[in-house]
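Commentary on secondary and tertiary structure
Here are the chains, one letter per residue:
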Amino acid sequence: MATTRVEVLKTYKIYIGGQFPRTESGRYYTPKNKSGESLANVCLSSRKDFRDAVVAARGAFSGWSGKAAFNRSQILYRIAEMLEGRRAQFIDELVKQGSSARLIYYAGWCDKFQQVFSSVNPVASSHFNFSVPEPTGVVSIIAPQNNSLIGLVSVIAPVIAGGNTCIVLASETMPLCAVTFAEVINSSDVPGGVVNILTGKPSELIKYFADHMDVNAMIYCEKDEANKKLVQEKSALNVKRIVFYDEVNWLNEEKGQSPYFITDTQEVKTTWHPIETVSAGKSGY
């Protein structure tokens with residue numbers, strides 16, 4: 001007698017501080033594919049989950065930003081290697097829902113962008129004047145909602161390549177690859193707290209991403225004008241840096257990656273160093 005097999009849906013947890021907890025709220029949702037088939041049980045993250053992720057990101061910032069740029073480069077390259085090693089799983093999840101080269105690209109820029117974007121400035125006094133980029137701090141990100149992997153990787157990689165830490169809200173409708181990518185990060189020498197990945201509804205969490213006082217910058221990747229205005233208003237509370245990537249085609253190799261994406265979450269520090277002015281001593285023969 002034939003029996004119908006009951007499919008057991010995988011439960012995808014969130015990723016905070018190098019751990020995979022269930023959401024504090026106890027809520028979950030079940031995204032569906034275009035055929036209306038249920039894909040998995042996915043955590044519906046809460047404000048408390050976001051606050052926990054900010055604490056983890058802040059705690060990891062000093063160690064991560066203090067690493068040698070070459071070491072960050074090695075870790076990003078290791079993520080790419082691990083991502084490549086799980087290619088079959090990512091393909092399967094992408095098919096159900098409807099990139100390692102990008103990581104290698106930013107791994108190569110980790111120890112180079114400082115030289116490209118630093119400068120020695122001419123000044124009319126006895127000083128050397130240097131301007132150098134340094135990481136902004138903790139960055140909150142609402143990832144692109146219309147794709148599940150390449151957009152996610154493309155917004156995370158330049159942020160951490162520059163020494164920042166981040167909290168990312170994955171695509172609400174296509175979250176599977178995001179949580180699997182968290183598993184890759186967890187096994188790729190990335191210190192806990194550097195990357196924190198939440199799943200859930202942007203409509204519930206965007207205001208917290210924008211107004212949290214211990215977040216230094218926010219990236220928003222959608223075209224929703226009402227949400228963009230909300231981000232601008234809430235971010236003003238602690239003068240957050242705001243970055244909108246609402247026109248970027250992440251699938252385009254030329255437009256979807258650039259060292260300028262790294263500088264979007266960098267601050268420029270200028271240092272004055274006094275020097276002896278030889279000409280003032282009237283040297284000559």
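Just above sits the structure.
Structural notes, computed from the coordinates.

Scoring rules and cut-offs
Residues numbered from 1 in each chain as written. Predicted model: local features only at pLDDT ≥ 70, side-chain atom pairs only at ≥ 80, totals over all residues. Heavy atoms only, no water. Pairing = 2+ DSSP bridges. Helix = DSSP H or I, 4+ residues; strand = E, 2+ residues; numbered from the N terminus. Axes fitted to C-alpha atoms, helices over the stretch in contact; angles between N-to-C directions. Contact = heavy atoms within 4.5 Å. Salt bridge = Lys/Arg side-chain N within 4 Å of Asp/Glu carboxyl O. Buried < 20%, exposed > 50% of the residue type's maximum accessible area, 1.4 Å probe, protein only. Disulfide = S-S within 2.5 Å. Patch = residues over 30% accessible without salt bridge, like charges linked within 9 Å, V, L, I, M, F, W, Y side chains within 5 Å. Areas by Shrake-Rupley, 256 points an atom, 1.4 Å probe, with all protein chains shown as cover. Expected span 1.5 Å × (residues − 1). Phe/Tyr/Trp six-rings, centres within 6.5 Å; stacked < 30°, edge-to-face > 60°.

What to know about the sheet that holds strand E11 (residues 266-274)
Pairing is antiparallel across the open sheet formed by 3 strands, whose spatial order is E4-E5-E11. The sheet terminates laterally at strand E4 (119-121) and E11, the two strands that pair on one side only. If you compare each strand with its neighbour and ignore which way they point, the axes differ by 30° on average. Relative to strand E5 (residues 127-135), E4 is paired through 3 bridges, and the arrangement is antiparallel. Looking at E5, one finds that Asn121 is bridged to Asn129.

Comments concerning the sheet that holds strand E6 (residues 138-142)
Strand order across the open sheet formed by 5 strands is E8-E7-E6-E9-E10, with parallel pairing between neighbours. Because the sheet does not close on itself, it has two edges, and the strands there are strand E8 (195-198) and strand E10 (241-244). Strand-to-strand twist in this sheet, taken as the mean axis angle between neighbours without regard to direction, amounts to 15°. Direction of pairing for E6 relative to strand E7 (residues 165-169): parallel, over a ladder of 5 bridges. Directly across from Ser140, in E7, lies its bridge partner Ile167. Its contacts with the sheet place helix H1 (residues 47-65) against E6, E7 and E8, and it is angled at close to 155° to E7.

Here we look at the pattern of salt bridges
Summed over all chains, the structure comprises 14 salt bridges. Across the pair Glu183 and Lys10 runs a salt bridge, and its minimum N-O distance is 3.9 Å. Here Lys10 falls in the partly exposed class, since its relative accessible area comes to 36%. We note a salt bridge from Asp111 to Lys112, for which the minimum N-O separation is 3.2 Å. With relative accessibility at 42%, the residue Lys112 sits in the partly exposed group. Salt bridges linked by common partners bring Lys10, Arg86 and Glu183 together as one network.

Observations regarding the environment of Ile262
Note on placement: Ile262 falls in helix H10 (residues 259-263). Here the alpha-carbon distance between Ile262 and Gly163, two residues 99 residues apart in the chain, equals 9.4 Å. When sequence neighbours within four positions are dropped, the list of residues in contact with Ile262 reads Tyr106, Trp109, Phe113, Pro158, Ala161 and Gly162.

A few points about the state of the cysteines
A full pass over the atoms with the stated rule returns 0 disulfides. Distance from the sulfur of Cys166, which forms no disulfide, to the nearest cysteine sulfur (Cys221) is 12 Å. Using a relative accessible area of 7% as the deciding quantity, one classes Cys221 as buried.

Re a nonpolar patch on the surface
Taken together, the side chains of Val120, Phe128, Phe130, Val132 and Ile275 define a hydrophobic patch exposed on the protein surface, amounting to about 390 Å² of accessible area. Among the elements that line the nonpolar patch, the one with the most residues is E5, at 3 residues. Within the secondary structure, Val132 is located in strand E5.

Some words on H1
For H1, spanning 19 residues, the distance from its first C-alpha to its last is 26 Å, which sits close to the expected 27 Å at 1.5 Å a residue. When we look at burial in H1, the residues that qualify are Asp49, Phe50, Ala53, Val54, Ala56, Ala57, Ala60, Phe61 and Trp64.

With respect to the packing of aromatic side chains
By convention here, two paired aromatic rings are described through the distance between centres and the angle between planes. Overall, the coordinates contain 9 aromatic pairs when judged by the stated rule. On the numbers, 5.1 Å between centres and 70° between planes, the contact of Phe117 with Tyr260 is edge-to-face. Placement of the pair is Phe117 in helix H5 (residues 113-117) and Tyr260 in helix H10, with a sequence separation of 143 residues. Ring geometry for Tyr245 and Phe261: centres 5.1 Å apart, planes at 70°, overall edge-to-face. Here the residue Tyr245 occupies a position in the loop between E10 and H10, and Phe261 occupies one in helix H10, the gap between them amounting to 16 residues. This pair shows no difference in class: Tyr245 is buried, exactly as Phe261 is.

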